[in-house]
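Spelled out, the chains give:
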Amino acid sequence: MSKNPTPLDRVREFEREQAMKLSADERPLFHLTPLVGWMNDPNGFCWYKGQYHLFCQYHPFSRQWGPMHWGHAVSNDLLHWTYMPCALAPDTAADAGGCFSGSAVETPDGKLMLVYTGVQPAGTFRRETQAQCVAVGDGKDFEKSLLNPVIRHAHLPEGYSEFDFRDPKVWREDGVYRMVVGNRHEEKSGTVLLMESKDGLDWHFVTEIDACRKEYGRMWECPDYFPLSGKQVLIVSPQEMRAREEFHAGFGTVCIIGRYLKKDRQFVRESVQPVDHGLNFYAPQTVLAPDGRRIMIGWMDNWETCKEAPRRHPWYGQMSAPREVFMENGRLCQRPVKEMERLWQDTVIHEQVPVMEETSLPGVQGRLMDMTVTLLPQGSACRRFTLHVAKDAGHYIGIRCDLARGELVFDRSHGGSHRDIAHTRHVIAEVKNKKLTLRLLMDKESIELFINDGERTVTSLIPTPLSADGITFAADAPIALSVEAHHLA
Ligand code: FRU
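On a predicted model such as this, the values are computed, not experimentally measured, just so you know.

Draft legend 1. View of the sheet that holds strand S4 (residues 82-88). If you walk across this open sheet you meet the five strands as S4-S3-S2-S1-S19, and the pairing is mixed. Each edge of the sheet is formed by a strand with only one pairing partner; in this case those strands are S4 and strand S19 (315-316). As paired strands, strand S1 (residues 37-48) and S19 are joined by two bridges and run parallel to one another. The residue of S19 that forms the bridge with Gly-37 is Trp-315. Along the sheet, helix H1 (residues 7-21) makes contact with strand S2 (51-59), strand S3 (69-75) and S4, crossing S4 at roughly 160 degrees.

So this is what it looks like as structure tokens:
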């Protein structure tokens, strides 16, 4: 380390020391965790010079949220990640209160530009404020602009907040930079604003893309905005939402599908749906892969439940599996990226086995698995089907399907938690074309469930001891089911 180490040098030195102590066995197989310490939102998800880069909200020095840094990892396949040195530390006047969430974009001259929220700490009579900053670099080292913060409250029309103004998502289009950024308007609550710049430094306000109008939570965090199959998709993560329609209460994810009328600078809503229905999914961010797929990763957690979650490792926090998003019947759907197949090891297939009393199936057991269960209820009197995973004498995670109501309950109440936090979610799961499919990705301490080819997803952490690896099937009347289980390694 140099004689006068900067705060970032010190973090990088700390990371080098820690990296030697930590083993990969103590981590999930393919979900990204922070090198050490705490992680929340995915940031700066991009494809740059032949690799995926994923940055994250990061506090290396403890397993609790603290002064925000940007952690960094790279990958060729979105499943095997290599840690890079910490990218940003809160070390300037513009971001002394934290380098909050943001995104990354390649500049026309081949550099990588990070755009993030700088938090300015409170002075004696002021609350802390939020503004947008940039840092440009080579994919490893980034230099913060001396002009930071490049977007201030003064750039916005009246009524918008300087205290809740964060999480820029930037892209290049028509030879300019554009970004969406979250703000809380004094009357309209959460809003998403569109800004534009020729050089990434000098920005101006274009329009308000959409506003919450107190219908979907309070502040809208971490917006993402992209075209998909002829539609325009807006994703936001609202704080403190009331339960309504298919949305659960608390911190959630909202996907608004619509059209953008460029001439009128107007986004027209067509439909609204949750992004994920599980207990742990927040602040997702997408990237456009070189082959045209739109790939999304979320923070596999939630501000409410993370406080009570066990700290079993020297790190805390996981990203979700990378999912390809696609449009079907007017809905945003998701499937695990096809790269998942590279992790498939032994495959066990059971075709059309009749099941009633609780039973396990040969070879179908474990906590590292990509398993698809297809229920074939035709001609059966079955109304209730129950799948237990991560099971032993004292634990199980329940997935109960009420075929008559077309509803599924994900239940981790018996998963080993000692805390009185939310453990169940109800989600629509209907029999379609004579079947109901449940695809489960299990990676040690998490389950991601894709219902009916990703029409709805349920993402949850599970605190269950890894030795609980049983899987059973049961129904209230005989039903045929097929199972395709790929063990992962
Ligand atoms: C969302 C969020 C962002 C903010 C970041 C701080 O989870 O609250 O709005 O930038 O986390 O870590």
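Once you've had a look at it, read on.
Draft legend 2. Representation of the pattern of salt bridges in the model. A complete count under the given rule lists 38 salt bridges for this structure. For Asp-370, the salt bridge identified is with Arg-439, shortest N-O distance 2.7 Å. Of this pair, Asp-370 sits in strand S23 (residues 368-376) while Arg-439 sits in strand S28 (residues 436-443), placing them 69 residues apart in sequence. Here Arg-384 and Asp-402 are joined by a salt bridge, their closest N and O atoms 3.7 Å apart. One end of the pair, Arg-384, is in strand S24 (residues 384-391); the other, Asp-402, is in strand S25 (residues 397-402), with 18 residues separating them in the sequence. Salt bridges sharing common partners tie together Glu-173, Asp-174, Arg-178, Glu-196 and Lys-262.

Draft legend 3. Looking closely at the layout of surface pockets. Of the pockets and cavities examined, the largest pocket occupies roughly 560 Å³. Secondary structure elements with two or more residues in the lining of the largest pocket: S1, strand S5 (99-106), strand S9 (160-173), strand S13 (220-228) and strand S17 (282-288). If you tally residues by element for the lining of the largest pocket, the top one is S9, at five residues. A per-class count over the lining of the largest pocket returns 16 nonpolar, two polar and eight charged. For the second largest pocket, the calculated volume is near 440 Å³.

Draft legend 4. Just the sheet that holds S25, in detail. The strand order across the open sheet formed by five strands is S27-S26-S25-S24-S31, and the pairing between neighbours is antiparallel. In the strand order of this sheet, the two ends are held by strand S27 (424-428) and strand S31 (470-475), each with one partner. If you compare each strand with its neighbour and ignore which way they point, the axes differ by 15 degrees on average. Sheet analysis places S25 next to strand S26 (residues 407-411), joined by five bridges and oriented antiparallel. Residue pairing in the sheet places Arg-400 in a bridge with Val-409 of S26.

Conventions and cut-offs
- Residues numbered from 1 in each chain as written.
- Predicted model: local features only at pLDDT ≥ 70, side-chain atom pairs only at ≥ 80, totals over all residues.
- Heavy atoms only, no water.
- Pairing = 2+ DSSP bridges.
- Helix = DSSP H or I, 4+ residues; strand = E, 2+ residues; numbered from the N terminus.
- Contact = heavy atoms within 4.5 Å.
- Axes fitted to C-alpha atoms, helices over the stretch in contact; angles between N-to-C directions.
- Salt bridge = Lys/Arg side-chain N within 4 Å of Asp/Glu carboxyl O.
- 1 Å grid on protein atoms, 1.4 Å probe; cavity = no way out; pocket = protein on both sides within 12 Å on 5 of 7 lines; lining within 4 Å.
- Points joined across faces, edges and corners; volume = space filled by probe spheres on them.
- Nonpolar A, V, L, I, M, F, W, Y, C, P; charged D, E, K, R; others polar.

By themselves, these figures tell us nothing about what the structure is for.
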